[in-house]
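The lines below spell out each chain.
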Amino acid sequence: MVSVWKIVVLSVIIGVNRLGQDSYYNTVWVCEEFCVNVVLISMVIAIILALGLLVSLGGLSLLSGAMEFFFGGPKVELLKTGLGESGFAFGFRWNDEKEPAKFDQIKLRLFNPFGEPTQVEVTKQFTPQGKSFAMDMDFGKGFSSFMKAKGLNSALVQIEISSTKNGIFHQFDMKGHGFLRKLSEASQTAEEFQTKHKDEKKQPIYFQTKRSFIADPIPESNKKLKIATNPEFAGEFAAAGGQAAASVENFAVSKVWIDPGCIVCDACEGIYPEVFEVTEETCLIRPDAPMNDGLRIVEAAEACPVEVIKYTKA
Ligand code: SF4
């Protein structure tokens, strides 16, 4: 009997233990699974966002390319000619900063497989043009046969404008009926086109400063500079220069100021920097300027070419 009870108790203990271990392992497994799921979901979201970004950038790039293709490329306009049947006028615009070429030739081609003649090409040279331009040119008999071709309406017309020097050309294709319609509707002459597009300016890529950094010339004056270095007045500044003979006694001033009209020549500051401070706009008196060396203030005042330094003796 004792043995049976022992076996039952032992079985219960072992069962409870295993149950505890299982729930522990279950909890750990659930946590691990949750973490793995969170990581996976985050990765999927990140990949979707990255793909979305790539698609958006690609779309924007395509859009800007399409805008450039449709609206930013070179353009040819058919204009009203003043040269009769054999005359052909056109205007050509392109971004000459992006493509700095000089265009000097135009070709008109007619591809007319179901009409007569089946193919016509007329070429004209003109003075090289480096900016938007318009021409009204006599293409001669070739153009007359071009315009009189049977089946022109359903033919293909190609206008090629090229730079023979730079090896650049631009082709514009249109149906014959479109070409004829544009020619008949053209109301602008080559001159009007030139005038209209002559002043077309690109956005400036630099700005000019409004202020000039070159000083205006100093006004002419017959005044003799009463400064220590001028031999004519050397004696008067002997005291300030430490010479034995003092012909003028130094003195203090009670006030120094600058009248309007300073031309910022720096002369005063060069003579007495403790008193004068020349800025970009004018000359200022320093707040702690010494007032006891009147002779140097006089020297600065005498050196001022526009005589705007004023003072009163103490
Ligand atoms: S010397 Fe006269 S003009 Fe020249 S900076 Fe001084 S105050 Fe101005």
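About the thresholds
- Residues numbered from 1 in each chain as written.
- Predicted model: local features only at pLDDT ≥ 70, side-chain atom pairs only at ≥ 80, totals over all residues.
- Helix = DSSP H or I, 4+ residues; strand = E, 2+ residues; numbered from the N terminus.
- Contact = placed C-beta atoms within 7 Å.
- Pairing = 2+ DSSP bridges.
- Axes fitted to C-alpha atoms, helices over the stretch in contact; angles between N-to-C directions.
- Near = placed C-beta within 6 Å.
- Nonpolar A, V, L, I, M, F, W, Y, C, P; charged D, E, K, R; others polar.
- Core = buried A, V, L, I, M, F, W, Y, C linked by C-beta atoms within 7 Å.
- Buried ≥ 20, exposed ≤ 12 C-beta atoms within 10 Å, placed from the backbone.
- pLDDT = per-residue confidence, 0-100.

Asks: In this structure, what is going on with the overall build of the chain? I would like to understand it.
Replies: Assigned secondary structure in the chain consists of six helices and eleven strands. A sequence separation of at least 24 residues applies to 64% of the contacts in the chain between residues at least 6 apart.

Asks: How should the pairing of strand S7 (residues 168–175) be read in this particular structure?
Replies: Side chains on a regular strand alternate between the two faces of the sheet. Sheet analysis places strand S6 (residues 156–163) next to S7, joined by eight bridges and oriented antiparallel. The partner of leucine 156 across the bridge, within S7, is lysine 175.

Asks: Even after reading the chapter, I still don't get the sheet that holds strand S1 (residues 75–79), so can you show me in this structure?
Replies: Paired through backbone hydrogen bonds, the strands of a sheet run either parallel or antiparallel to each other. In space, the three strands of this open sheet follow the order S1-S2-S5, with antiparallel pairing throughout. Single-partner strands in this sheet number two, and they are S1 and strand S5 (133–138). Each adjacent strand pair in this sheet contributes to an overall mean axis angle of 25°, direction not counted. Where S1 lies against strand S2 (residues 87–93), five bridges are found, and the strand directions are antiparallel. Residue pairing for S2: leucine 79 is matched across the bridge by alanine 89. Lying over the sheet, helix H4 (residues 190–198) contacts S1, S2 and S5, oriented at roughly 170° with respect to S5.

Asks: Looking at this structure, how should I read the site of the ligand?
Replies: Close contacts around the ligand come from 17 residues, with Cys262, Cys265, Cys268, Cys283 and Cys304 the closest. Listed by contribution, the elements that provide at least two residues to the shell around the ligand are helix H5 (267–271) and strand S9 (276–278). Of the residues assigned to the shell around the ligand, the class counts are 16 nonpolar, no polar and one charged.

Asks: Before we go on, may I ask you to explain the environment of tyrosine 311 in this structure?
Replies: Note that tyrosine 311 resides in strand S11 (residues 309–313). Separated by 55 residues in the primary sequence, tyrosine 311 and valine 256 place their C-alpha atoms 4.2 Å from one another. The contact partners of tyrosine 311, leaving out residues within four places of it in the chain, are Val253, Lys255, Val256, Ile297 and Ala301.

Asks: Quick question: what am I supposed to make of unusual backbone geometry here?
Replies: With the exception of glycine, the majority of residues adopt a negative phi angle, and the majority of peptide bonds are in the trans configuration. Look at the link from glutamate 116 to proline 117: it is a cis peptide, with omega at -5°. Among the structural elements, proline 117 can be located in the loop between strand S3 (103–111) and strand S4 (119–129). Phi is positive for aspartate 266, close to 80°, though the residue is something other than glycine. Tracing the backbone shows aspartate 266 in the loop between strand S8 (253–258) and H5.

Asks: When you look at the nonpolar core in this model, what are you seeing that I'm missing?
Replies: Nonpolar side chains in soluble globular proteins tend to end up buried together. Core analysis: the biggest nonpolar cluster contains 24 residues, and Phe90 and Ala134 have the highest contact counts within it. When contributions to this core are tallied by element, the ones reaching two or more residues are S1, S2, S3, S5, helix H2 (141–147) and S6. Apart from the residues lying within four places of it in its own chain, the contact partners of alanine 134 are Leu79, Ala89, Phe90, Gly91, Ala190, Phe193 and Gln194. Formed by 15 residues, the second largest nonpolar core is a distinct cluster that contains Cys268, Phe276, Ile297 and Cys304.

Asks: I'm lost on the sheet that holds S3 in this one. Help?
Replies: The strand order across the open sheet built from four strands is S4-S3-S6-S7, with neighbouring strands paired in antiparallel fashion. The sheet terminates laterally at S4 and S7, the two strands that pair on one side only. Each strand of the sheet is rotated relative to its neighbour by a mean of 15°, with strand direction disregarded. For S3 and S6, the ladder comprises seven bridges, and the chain directions are antiparallel. Within the sheet, the bridge partner assigned to glutamine 105 lies in S6 and is serine 162.

Asks: Help me understand the confidence of the model for the chain in this model?
Replies: Low-pLDDT portions of the prediction should not be read for the details of their coordinates. Mean pLDDT over the chain: 79, with 72% of residues reaching 70 or higher. Contacts for the low-pLDDT stretch residues 242–246, under 50 throughout, to residues beyond four places or in other chains number four contacts.

Asks: I keep staring at the environment of proline 100 and nothing clicks. Help me out?
Replies: Of note, proline 100 is situated in the loop between S2 and S3. With 12 C-beta atoms counted inside 10 Å, the residue proline 100 sits in the exposed group. Each C-alpha atom of the pair proline 100 and glycine 130 lies 7.0 Å from the other, and the pair is 30 residues apart in sequence.

Asks: So what exactly am I meant to see when it comes to the environment of glycine 167 here?
Replies: In this structure, glycine 167 sits in the loop between S6 and S7. C-beta crowding within 10 Å serves as the criterion here: with 8 such atoms nearby, glycine 167 is assigned to the exposed category. Separated by 65 residues in sequence, glycine 167 and lysine 102 place their C-alpha atoms 9.9 Å apart.

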